[in-house]
Every structure is written in structure tokens, then in C-alpha cells.
Amino acid sequence: MTATKRAVVIGGGIGGLTAAAALHLRGLRVTVLERAPSLRPIGAAISLSPNALRALDVIGLGDEIRDLAAWQGDGGLRTPGGRWLSRSNAEAAAARFGGPLVLLHRATLIDHLAARLPGGAVRTAADALLADPGDRDRPARVRTPEGELEADLVVAADGIQSGVRATLFPDHPGPVYSGFTTWRVVIPVPGADFASHETWGRGRIWGTHPLKDGRVYAYAAAVTPAGGHAADERAELLHRYGDWHHPVPAVLAAARPEDVLRHDVHHIAEPLPAYHRGRVALVGDAAHAMPPTLGQGGNQAIEDAIVLAHHHDDLSAYTAVRLPRTTAVARQAVKVARLNLMTNRAGVVVRDAALAALSKAGPALFLRSFDGIADWRPPQPPYASRQTQVGER
């Protein structure tokens, strides 16, 4: 009788829990090690596009998440004064990519993923270090305060400052500052009535979106030196965005200083040579951290997890499939950041005019930016990739 293979997942975020759930369905015995005292994430909302939702279908979670879609009617891209540069709607997005865009709180997604795991699979307050990546002839070893764990597969989902990545690829330069910082809030905004939108200014952006639970998710980004912080981040937002169009002032009026999260943005500019070494595979930000300008960081982590489960016996195949795609998506996210956070005044005028003209000539830029991304399909049913099917014959 063949012994059940063991997988150890380092990191209990979205990528790690998706990988754990997918590997569990593949019959592996899974242990998730999360250093935080609970799985409640530090963060706000996440946008899931059809590519990630198809991936979640593989573990039986896609429709549960689709039911949380809140975007109805018009939405699009605006100027700080409120003029629409580009408009779209939920129906157009679903028609173009075969499914909706779903915005939900990260904690909600974490709860749904964790519910897919057997009892006792997740250990919180559990620091983990990779002691040995293993090879074909020996298991990998993960060191914890309670002793070492041996594993047939280690999934490194330990984030942008991944200790596992640094161990596997010590000569890689790691993440670099993307040139801007972000603020995020998820709050109730009484009486707010607005169309879901993102607003581009000069070196600044703002987004406001309704959630299914009635709260509002708002985010902002601005070109700033790294490491900056304000004594009162809500006051900082008022200074930067207080005179922008409705509902920005209403959101800021409803927010408390403690509601505002601020983080500098970093990304991995130099792609890793591989997403695996020995019996260890990297997923999500540990492998390919990218700016949030396409909203694809979490989506690509979910894709990684599903593809990794499919290729868990051949990590070189996992790298071969995921490295080119995620590198291309990350580069596109960097390009979009340069466009929507442009600081040159004359360039902003030209940019806005071009966006308005493009929107009149065809699909909104918001939708165009997802071409080649949102139409991805996983390598296994129910949306098996034709390329993978051909390659496996």
C-alpha cells in the first residue's frame, strides 16, 4: 500500500490556503503553518476576476464566491473632477470574459478557503523555516518551534518578504520599491450612492466600490518616497483627495484614522530563475510579487495553487507553466502603474484624452486591460486548458 504523501504549506494567506485545499483534494495530507496568531488577514478587499474564479471552481468554491458579486450597472474610469473617461458595466465584463468580477473582503475569502480543509490542518502562531529543500531521494524538512516536519512537497506561500525564497535563491535581489504607496479602507458609508469607479489624477489614483455586505471598499495610491507615514493617515487622505468628486469626500468623512491602512508597494522586478527547487515550490507574492494596478496579485496566487496541485509530482512542469505567465502579468502591472500614476501634467492631459477616445472607439480600457488575463483556464476540469490537454496526450 502506497503511503499518503505529505505537503507542508508555509503561509496561511490566499495562495497558501488555496494550495492546501487543492492538494487535499488530490489526496495529500496537508499541514498549513501560519506565523500569525489567527488566519484573519491584515488587509482590506480583493477583486477576483474570472480566471481566479475558474481556478476556484476546481476546488468547488467558484460559485460560492460568484454569489458575492456586488458590481451592478455602470462603472469605469473618472477624472478627479468627476468626468467619465471610460465606462463599462458588469454585464459587459461577464460577456467579454465568461464570468463576473467579484469584489469581497479578504477575510471572507480566507474563511471560505479554510472551510475546505480538514480539522487540525491549520496551525497558527507557527513560525516555520526551511531546513532542507530535499531532492528526489530525500524529503524536504521544515523547522518549527515544535520540531521538524518532513514533507514530500513544501509550498512556500510566505509573502513578498519570503524567507523560503531567500533560502532557495540567495543571489536574487528580492523585491524593489514600486514608487508609490497605498491606502485602503473598508467601512460603512451611510447614504452613499455611486457607480463603482477608479479615478486617475496626476500621480494619484482613487477607487471606490460597493461590497455585497453593504460596506464600501476604497483605496488610494500616490507617488511618494518610500517609508513615509503620517501621524493621521485619514488627514493625509483628506489633504490629497478631499476635493475630489463624490463619493470620495463622503468616504473620508465616514472613515476614522484607525480604519485606514497604509503600505508601500514593492514588486519583484527581476524574475526568479524558477519557481521551485528540490521539493519546494513558491506561490503568490513569494514567487512574483507585482503592483496592485491590475488587481491580479491574489488572482495569480490562486492560479499558482491550482496549477501546482495539478503538477505536484513534477515541479519543473509547474515552473514551466507559471513563470512565463506571471512574469508577463507582472510586467503589465508595472506598465499600468506608470500610466495611471503619471506625474507629468502635460502627459496626464494627453493620457486622459487618449483614454476618452479609446473608450468611444471600443471596449473600455478597464476591460481591455484584462485581455489575455481574465480568459485563463486551469489545466484540469471543469475548464481544462487546451494546451495542457494536448501536452498530456
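Residues numbered from 1 in each chain as written. Predicted model: local features only at pLDDT ≥ 70, side-chain atom pairs only at ≥ 80, totals over all residues. Heavy atoms only, no water.

**Q** Report on the packing of helix α2 (residues 50-58) against helix α10 (residues 297-310), specifying residues and quantitative values.
**A** Put simply, α2 and α10 touch, their axes get as near as 9 Å, and they point 35 degrees apart. Crossing hand, α2 versus α10: left-handed. Each of N51, A52, A55, L56 and V58 in α2 lies in contact with α10, whose residues at this interface are N299, Q300, I302, E303 and I306. A class-by-class count of the residues in the contact of α2 with α10 yields 6 nonpolar, 3 polar and 1 charged. (Axes fitted to C-alpha atoms, helices over the stretch in contact; angles between N-to-C directions. Helix = DSSP H or I, 4+ residues; strand = E, 2+ residues; numbered from the N terminus. Left-handed = near helix turned anticlockwise from the far one by under 90°. Contact = heavy atoms within 4.5 Å. Nonpolar A, V, L, I, M, F, W, Y, C, P; charged D, E, K, R; others polar.)

**Q** Could you give me a rundown of unusual backbone geometry, with the residues and numbers involved?
**A** Note: most peptide bonds trans; most residues except glycine with negative phi. In the segment running from H246 into P247, the intervening peptide bond is cis, with an omega of 10 degrees. The omega angle of the peptide bond from P381 to P382 is 15 degrees, so this bond is cis rather than trans. Relative to the helices and strands, P382 resides in the loop between α13 (365-368) and α14 (386-391). Its identity as a non-glycine residue notwithstanding, A125 has a phi of 50 degrees, on the positive side. By the secondary structure assignment, A125 is in the loop between β7 (122-123) and β8 (129-132). Overall, A125 belongs to the exposed group, its relative accessible area being 55%. (Buried < 20%, exposed > 50% of the residue type's maximum accessible area, 1.4 Å probe, protein only.)

**Q** Account for α2, naming residues and giving values.
**A** The element α2 is largely enclosed, with a buried count of 8 among its 9 residues. What α2 keeps buried is the set P50, N51, A52, L53, R54, A55, L56 and D57. Trailing α2 by a residue or two, G60 shows a phi angle of about 80 degrees, which is positive.

**Q** An account of the sheet that holds strand β15 (residues 216-223) is requested, with residue identities and associated values reported.
**A** The sheet built from 7 strands is open, its strands ordered β5-β4-β13-β14-β15-β12-β16 with mixed pairing. In this open sheet, the two edge strands, each paired with only one partner strand, are β5 (84-89) and β16 (261-267). For this sheet, the mean angle separating the axes of adjacent strands, direction not counted, is 15 degrees. Here strand β4 (residues 74-78) pairs with β5 via 5 bridges, running antiparallel. In the strand pairing of β5, R78 is matched with W84. Of the strands in this sheet, β12 (176-187), β13 (196-200), β14 (204-210) and β16 touch helix α11 (residues 315-340), which is tilted by about 70 degrees from β13. Where helix α12 (residues 345-361) meets the sheet, its contacts fall on β4, β5 and β13, and the angle it forms with β5 comes to roughly 35 degrees. (Pairing = 2+ DSSP bridges.)

**Q** Any chance you could break down the packing of helix α1 (residues 14-25) against α10 for me, citing the residues and the numbers?
**A** The geometry of α1 relative to α10 is characterised by a closest axis approach of 8 Å and an angle of 25 degrees between their N-to-C directions. Comparing the axis directions of α1 and α10 gives the class roughly parallel. Handedness of the α1/α10 crossing: right-handed. For the pair α1 and α10, the contacting residues are I14, G15, T18, A19, A22 and L23 in the first and G298, A301, I302, A305, I306 and A309 in the second. (Parallel < 35°, antiparallel > 145°, perpendicular 65-115°, else oblique.)

**Q** Can you break down the confidence of the model for the chain residue by residue, with the values?
**A** On average, residues of the chain score 92 in pLDDT, and 95% of them are at 70 or above. Residue range residues 387-393 is modelled with pLDDT below 50. Its contacts to residues more than four positions away, or to other chains, number 5 contacts. (pLDDT = per-residue confidence, 0-100.)

**Q** If you had to explain the sheet that holds strand β18 (residues 280-282) to someone new, which residues and values would you point to?
**A** The pairing of strands in a sheet comes from backbone hydrogen bonds and takes either a parallel or an antiparallel form. One open sheet holds the 6 strands; their spatial order is β7-β2-β1-β11-β18-β17, and the pairing between them is mixed. The outermost strands of the open sheet, each flanked by one partner alone, are β7 and β17 (276-277). Taken together, the 5 bridges between strand β1 (residues 6-10) and strand β2 (residues 29-33) define a ladder with parallel strand orientation. Residue pairing across strands places A7 opposite V30, the latter belonging to β2.

**Q** Quick rundown of the pattern of salt bridges? Include the residues and the values.
**A** The tally for this structure, following the rule as stated, stands at 22 salt bridges. With a shortest N-O distance of 2.8 Å, D371 and R96 are connected by a salt bridge. Placement of the pair is D371 in the loop between α13 and α14 and R96 in helix α4 (residues 90-97), with a sequence separation of 275 residues. Residue D371 is classed as partly exposed on the basis of its relative accessible area, which comes to 36%. A cluster of three or more residues bridged by salt bridges with shared partners is formed by D132, D135, R138, R141, R143 and E148. (Salt bridge = Lys/Arg side-chain N within 4 Å of Asp/Glu carboxyl O.)

**Q** Tell me what's going on with the environment of A226, and back it up with residues and numbers.
**A** Along the chain, the position of A226 falls in the loop between β15 and α7 (233-241). Residue A226 is classed as partly exposed on the basis of its relative accessible area of 48%. Along the primary structure A226 and L341 are separated by 115 residues, whereas in three dimensions their C-alpha atoms are 15 Å apart.

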